[in-house]
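An overview of the molecular structure
Each chain, written out:
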Amino acid sequence: MKYVCDVCGWEYDEEEGYPEGGIAPGTKWEDVPEDFECPLCNVGKDQFSEVE
């Protein structure tokens with residue numbers, strides 16, 4: 001699954017993770033820490049939407 005930031009469009013891909021931010025490839029969105037912030041615009045997880 002992929003999740004996109006509603007504010008700036010940055011995309012989190014579960015397959016790729018976000019190694020630069022300490023999130024390993026294969027990490028499910030629900031397992032990303034609740035205090036995660038978008039690396040581009042710093043909004044929280046609640047500002048992301050699932051992408052088909």
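Here's what I pulled together on the structure shown here. Being a predicted model, the structure only gives us computed values, none of them experimental.

Below, the discussion takes up the state of the cysteines. Counted under the stated rule, the structure contains zero disulfides. The thiol of Cys5 is unpaired, and the distance to the nearest cysteine sulfur, on Cys41, comes to 3.6 Å. Owing to a relative accessible area of 3%, Cys5 belongs among the buried residues under this scheme. Cysteine Cys38 is unpaired, with the sulfur of Cys8 as its nearest cysteine sulfur at 3.6 Å.

In this structure the tally under the stated criterion is nine aromatic pairs. Ring centres 5.3 Å apart and planes at 45 degrees place the aromatic pair Tyr12 and Trp29 in the tilted group. In this pair, Tyr12 sits in strand S2 (residues 11-13) while Trp29 sits in the loop between S2 and strand S3 (48-51), placing the two residues 17 residues apart along the sequence. For Trp29, a relative accessible area of 10% corresponds to the buried category. Consider the rings of Tyr18 and Phe36, whose centres lie 6.5 Å apart with planes at 85 degrees: the pair is edge-to-face. Taken together, the residues Tyr18 in the loop between S2 and S3 and Phe36 in the loop between S2 and S3 connect sequence positions 18 residues apart. Under the relative-accessibility criterion, Phe36 is labelled buried at 8%.

Parameters and conventions
- All chains use their own residue numbering, which begins from 1 and follows the written sequence.
- Local features in this predicted model are restricted to residues of pLDDT 70 or higher, and side-chain atom pairs are both shown and tallied only at a pLDDT of 80 or more, whereas totals for entire chains, interfaces and linings draw on every residue.
- Each side-chain value is worked out from all heavy atoms of the structure, with water and hydrogens disregarded.
- When two cysteine sulfur atoms are found within 2.5 Å, that pair is recorded as a disulfide.
- Throughout, exposure labels follow a simple rule: accessible area from a 1.4 Å probe, protein chains only, divided by the maximum for the residue type, with under 20% read as buried, over 50% as exposed, and the rest as partly exposed.
- Each pair of aromatic rings taken from Phe, Tyr and Trp, with Trp reduced to its six-membered ring, is defined by centres within 6.5 Å and is described as stacked if the planes are under 30 degrees apart, edge-to-face if over 60, and tilted in the remaining cases.
- In DSSP terms, a helix is any run of H or I states spanning at least four residues, a strand is any run of E spanning at least two, and both are numbered starting from the N terminus.

In short, geometric facts, not functional conclusions.
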